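One letter stands for each residue in the lines below.
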Amino acid sequence: MTFFVRVSRGVLAISSEFRRLPHPEVWVECGPMSLVLVFLSWASFLWTQAAETDSFTPRNQAVLEGLAEISDEVDRRIERGIRNANAMSSCNTTVLEVTLGAELLRPFYGRIEDYANVSLQVAKIRTPFDQSIYRRVPELNFRLLQIGDTIFGFVTMIRRGEHLIGNDKFRHFFDEGHFLYLLLKDDGSNLEDVLYASELTETGLNGLAVGGIKSYADLVANYQGLLFWTAMLKPKLASAGKNPYVRCEKGQWMRKRTFDFKDYVDGAWDEAINCNQYATDAFGQSVHQSLLQLRTTEGEKLQCPLPSLDCPEILRRYKMYARYLLHPATCRTQERGSGHPILMLEN
């Protein structure tokens, strides 16, 4: 049986009758098994968005880079997933997806996010909620964020060069990226609809509507995760086919590429570069008042966006879909010409 799925403002809609769908162009067709996977991935959105990231307060803290250790752990898990898939079948993509999912995916609190938070091998920073830029937000938003801090803990950060990256981005990359992968058609023709569905997760129950924050950096991590899963499981798409992770050789998956987060992480993952949008002027002003008390190492005031050496790369990567991925102030995106899509079909 065929189902049609749409995500709108954090709400998952499912229908079995295509003819009665409003705006059928934004609905995605899927089978029963895909429907189950879509539901589990969507459910993880609703439970894990309460904890937020503060990329400003710890800006000047000295901490070693932690991305390489996380990349190595992911690479080990991918190796296990491929080995298990080969033991179970002969180049079956569905089996590979399941075995990789067992290593990389987990609803509600991502496996790699968990590893980054608890591993002693990963250098990290944690800012207490009552010292963060959100300590003065309006009462309702404050209580909701405080609940998120109590349940999930305020998001820890790792350093990547000049940037601070929230460890929640690794859940967005793998889990939410996989959710978007499930929505993507085999020919990639509905990519913009998929990015629209991703954006709705930040403007609905998971972002502006409840916590009061729309994180564009989360949306970039979602998108880069979509590219990862596509490179792993849909190599017919051009961006994946040129440098796939695996190829089928003599009935077995053979690795052709190691995993490195440096292929995906850039300044657009940093919420001090790719600014947040806030639900109300009062919320935004409260954050601004907190920022006024912070300074760079040179004594200058902190404000969003901070300048970044990554801007040329950010614009190259994301300009085609900037409306879904970049805050208008990020690298002065709104003043630049159109770019080129990353994900397209081979001719």
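Here's what I pulled together on the structure shown here.

Calculation notes
- Residues numbered from 1 in each chain as written.
- Predicted model: local features only at pLDDT ≥ 70, side-chain atom pairs only at ≥ 80, totals over all residues.
- Heavy atoms only, no water.
- Core = buried A, V, L, I, M, F, W, Y, C linked by side-chain atoms within 4.5 Å.
- Buried < 20%, exposed > 50% of the residue type's maximum accessible area, 1.4 Å probe, protein only.
- Helix = DSSP H or I, 4+ residues; strand = E, 2+ residues; numbered from the N terminus.
- Phe/Tyr/Trp six-rings, centres within 6.5 Å; stacked < 30°, edge-to-face > 60°.
- Lys NZ or Arg CZ within 6 Å of the ring centre and 35° of its normal.
- Disulfide = S-S within 2.5 Å.
- Salt bridge = Lys/Arg side-chain N within 4 Å of Asp/Glu carboxyl O.
- Pairing = 2+ DSSP bridges.
- Expected span 1.5 Å × (residues − 1).
- Contact = heavy atoms within 4.5 Å.

1. Quick look at the nonpolar core
Proteins that are soluble and globular tend to have nonpolar side chains buried together. One finds I70, F174, F228, F259, F261 and W269 to be the most contacted residues of the largest nonpolar core, which totals 77 residues. The greatest single-element share of this core, amounting to twelve residues, is contributed by helix α8 (residues 216-233).

2. Let's talk about the packing of aromatic side chains
As enumerated under the stated definition, the model contains 23 aromatic pairs in all. Measuring from centroid to centroid gives 5.0 Å for F170 and F261, while their planes differ by 55°, and the two rings are tilted. Of this pair, F170 sits in helix α6 (residues 168-183) while F261 sits in the loop between β8 (252-255) and β9 (276-278), and the two are 91 residues apart along the sequence. Each of the two residues, F170 as well as F261, counts as buried. With a centroid separation of 5.5 Å and 70° between ring planes, the pair formed by F228 and Y245 is classed as edge-to-face. With F228 in helix α8 and Y245 in the loop between α9 (238-241) and β7 (246-249), this pair connects stretches of sequence that are 17 residues apart. With respect to burial, F228 and Y245 carry one shared label: buried. Aromatic ring contacts, followed pair by pair, group F170, F173, F174, F228, W229, Y245, F259, F261, Y264 and W269 into a single cluster. Between K234 and the ring centre of Y181, over which it is positioned, the NZ or CZ distance is 4.7 Å.

3. Some words on the state of the cysteines
The final tally for this structure, using the stated rule, is three disulfides. Each disulfide pairs two cysteine sulfurs, and for C91 the partner residue is C248, the sulfurs being separated by 2.1 Å. A torsion of 95° about the S-S bond marks the disulfide between C91 and C248 as right-handed. Here C248 lies in strand β7 and C91 lies in the loop between α2 (67-88) and α3 (93-104), a separation of 157 residues in the sequence. Looking at C91, the relative accessible area reads 17%, which means it is buried.

4. Side note on the pattern of salt bridges
Opposite charge on two side chains permits pairing when their charged atoms draw close. Per the stated rule, a full pass over the model turns up 20 salt bridges. Across the salt bridge formed by E79 and R255, the nearest N and O atoms sit 3.2 Å from each other. One end of the pair, E79, is in helix α2; the other, R255, is in strand β8, with 176 residues separating them in the sequence.

5. Re the pairing of β7
In terms of strand pairing, β7 meets β8 through four bridges, oriented antiparallel. Bridge pairing links E249 to Q252 in β8. Between β7 and β8, which follow one another and run antiparallel, lie two residues, and K250 among them has a positive phi close to 55°.

6. A look at α8
Three- or four-residue spacings in an α-helix give side chains the same orientation, since the helix completes a turn every 3.6 residues. Counted at 1.5 Å a residue, the expected span for α8 with its 18 residues is 26 Å, and the 26 Å between its end C-alpha atoms agrees. Burial analysis of α8 places 18 of its 18 residues in the buried class, which makes it a mostly covered element.

7. Comments concerning the side chain of R257
Here R257 shows up in the loop between β8 and β9. Apart from residues no more than four positions distant in its own chain, R257 is found in contact with A231, N243, P244, Y245, D263 and Y264.

8. Focus on α2
Compared with an ideal rise of 1.5 Å per residue, which puts 22 residues at 32 Å, α2 spans 32 Å between its outermost C-alpha atoms and is within 8% of the ideal. All buried positions along α2 are accounted for by L67, I70, S71, E73, V74, D75, R77, I78, G81, I82, A85 and N86.

9. Quick look at the environment of Q303
For Q303, the position within the fold is in the loop between α10 (281-291) and α11 (311-318). A residue is classified by how much of its surface remains accessible, and Q303, at 53% relative accessible area, is exposed. Note: C-alpha distance between Q303 and I273 (30 residues apart in sequence) is 9.4 Å. Not counting chain neighbours up to four residues away, the residues in contact with Q303 comprise F56 and L291.

10. A look at the environment of H327
Inspection of the secondary structure assignment puts H327 in the segment after α12 (322-325). Sequence separation of H327 and I273 is 54 residues, and the distance between their C-alpha atoms is 9.0 Å.

11. Considering unusual backbone geometry
In the segment running from C304 into P305, the intervening peptide bond is cis, with an omega of 5°. Checked against the element boundaries, P305 lands in the loop between α10 and α11. You will see that C91, though not glycine, has its phi angle at about 55°, which is positive. At K250, a position not held by glycine, the phi torsion is positive, near 55°.

Nothing here speaks to function; it is geometry throughout.
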